[in-house]
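Summary of the model geometry
Below, each chain spelled out in residue letters.
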Amino acid sequence: MPSTISSSRVTVNLEAKVFRKLAQSTDEFEGYANSHAERIATLGTEIGRKFSLASKDLQSLRAAALLHDLGEATMGRDYIKRGGELSADERLDLQRHPIIGEQEVAKSGGDRAAQLIVRWHHEWWNGSGYPDGLQRDEIPLAARILRVADSYAAFTDQRPFRRGKTKESARELMAEWAGIEFDPRVVETLLALGPIAELESFARPFSEVVERAPVEREWTMFSSFR
Ligand SMILES: [Fe+2]
């Protein structure tokens, strides 16, 4: 019925506006120099299309991508933008963000699928992730896609405490961690995507970064905890 379709479109548009606003404020809190969440949403959608996800699932994936680190912004910890490694306590504390994020997505009107994708966006293919230690197909495909899109964007985005990587070294890292952190099929799909702007690195010369943060946090195996 036309009225139902139009009212559901209004709801979708309203939600999209709310989600984009929340995504922007999360990016600001995290200190990204560019729109990280929007970038992940596009990358995730592109990968999801290659897996022929239904449009409803793509919508949930897009919402989850926009809101994936809303839990971090809600927690508002100072260590998020600080230079240097996180302490063990800080790392444990940070691991609460997907669950807090799941609750925040619910409050913001995100559907249950989006809530769960946010909950599981730090699960690892080999079961070493958090918060539930799921592995392989136990992790919904959309959450595995978000893990890959988030990590690729994190590698190539600029943070106040860390320089971005080039596209080439990000691609190498993704391939290296396929089968460990990432679903190998999802990595393969990312690496085969056509030339879209969201795949370009946002890295700036290191001199510009150190000006803002004298202590650079180097990439370690725990970097994707962030
Ligand atoms: Fe996260």
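The model shown is predicted, which means the values in this text are computed figures rather than measured ones.

For the protein, the count of helices and strands is 11 helices and 0 strands. Starting at the N terminus and walking to the C terminus, you meet the elements of the protein as α-α-α-α-α-α-α-α-α-α-α. The contacts in the protein between residues at least 6 apart in sequence include a share of 70% that link residues at least 24 apart.

What follows deals with helix H10 (residues 184-191). What H10 keeps buried is the set Val-186, Val-187 and Leu-190. Looking down the long axis of H10, one finds its buried residues gathered within 100 degrees of arc, a one-sided arrangement. Here the buried face of H10 lies against helix H2 (36-50), helix H8 (141-156) and helix H9 (167-177).

Direction vectors running N to C along H8 and H9 enclose 145 degrees, while the axes themselves pass 9 Å from each other. Relative to H9, the crossing made by H8 is right-handed. Between H8, through Ser-151, Tyr-152, Phe-155 and Thr-156, and H9, the contact on the second element is made entirely by Lys-167, Ala-170, Leu-173 and Met-174. Across the contact of H8 with H9, the residue classes tally to 5 nonpolar, 2 polar and 1 charged.

This part covers the nonpolar core. Counting residues in hydrophobic clusters, the biggest one holds 41 residues, and the most contacted among them are Ala-64, Leu-67 and Ala-149. Those elements that place two or more of their residues in this core are helix H1 (2-30), H2, helix H3 (55-67), helix H4 (70-75), helix H7 (112-119), H8, H9 and H10. Looking at this core element by element, the count peaks at 10 residues for H8. Other than its neighbours up to four places away in sequence, Leu-67 contacts Phe-19, Leu-22, Ala-23, Gly-101, Val-105, Ser-108, Gly-110 and Val-118.

Quick look at the confidence of the model for the protein now. On average, residues of the protein score 87 in pLDDT, and 84% of them reach the 70 mark or higher. Per-residue pLDDT stays below 50 along residues 205-216; that stretch engages in 16 contacts with residues further than four places along the chain or on separate chains. pLDDT under 50 marks residues 219-226. Its contacts with residues more than four places away, or in other chains, come to 8 contacts.

Moving on to unusual backbone geometry. Omega for the peptide link from Tyr-130 to Pro-131 comes to 10 degrees, which places this bond in the cis form. By the secondary structure assignment, Pro-131 is in the loop between H7 and H8. Positive phi, close to 55 degrees, is recorded for Ser-52, a residue that is not glycine. Within the fold, Ser-52 resides in the loop between H2 and H3.

As a further point, take the environment of Gly-76. Note that Gly-76 resides in the loop between H4 and helix H5 (88-94). Here Gly-76 falls in the exposed class, since 8 other C-beta atoms lie within 10 Å of it. Spatially, the C-alpha atom of Gly-76 lies 9.4 Å from that of Glu-30, the residues being 46 residues apart in sequence.

Criteria and thresholds
Residue numbers here run from 1 along each chain, matching the order of that chain's written sequence. Totals for whole chains, interfaces and linings use every residue, but because this is a predicted model, local features are given only for residues with pLDDT of at least 70 and side-chain atom pairs only at 80 or more, for both listing and counting. Helix and strand assignments come from DSSP, with helices taken as H or I runs of at least 4 residues and strands as E runs of at least 2, each series counted from the N terminus. Think of it this way: build a C-beta for each residue from its backbone, and any pair within 7 Å is a contact. Exposed residues have 12 or fewer other C-beta atoms within 10 Å of their own C-beta, buried residues have 20 or more, and residues in between are partly exposed; the C-beta atoms are placed from the backbone. Arc, as used here, means the arc of the directions from the helix axis to the C-beta atoms. Axis definition: a line fitted to C-alpha atoms, over the contacting stretch in the case of helices. Angles run 0 to 180 degrees between N-to-C directions. Helix crossings fall into two classes, left-handed where the near helix is turned counterclockwise from the far one by less than a right angle and right-handed where it is turned clockwise. Gly falls in the polar group here, along with every residue not listed as nonpolar (Ala, Val, Leu, Ile, Met, Phe, Trp, Tyr, Cys, Pro) or charged (Asp, Glu, Lys, Arg). Any nonpolar core is a set of buried residues, restricted to Ala, Val, Leu, Ile, Met, Phe, Trp, Tyr and Cys, that join up through C-beta atoms within 7 Å. The score called pLDDT rates the predictor's confidence residue by residue, from a low of 0 to a high of 100.

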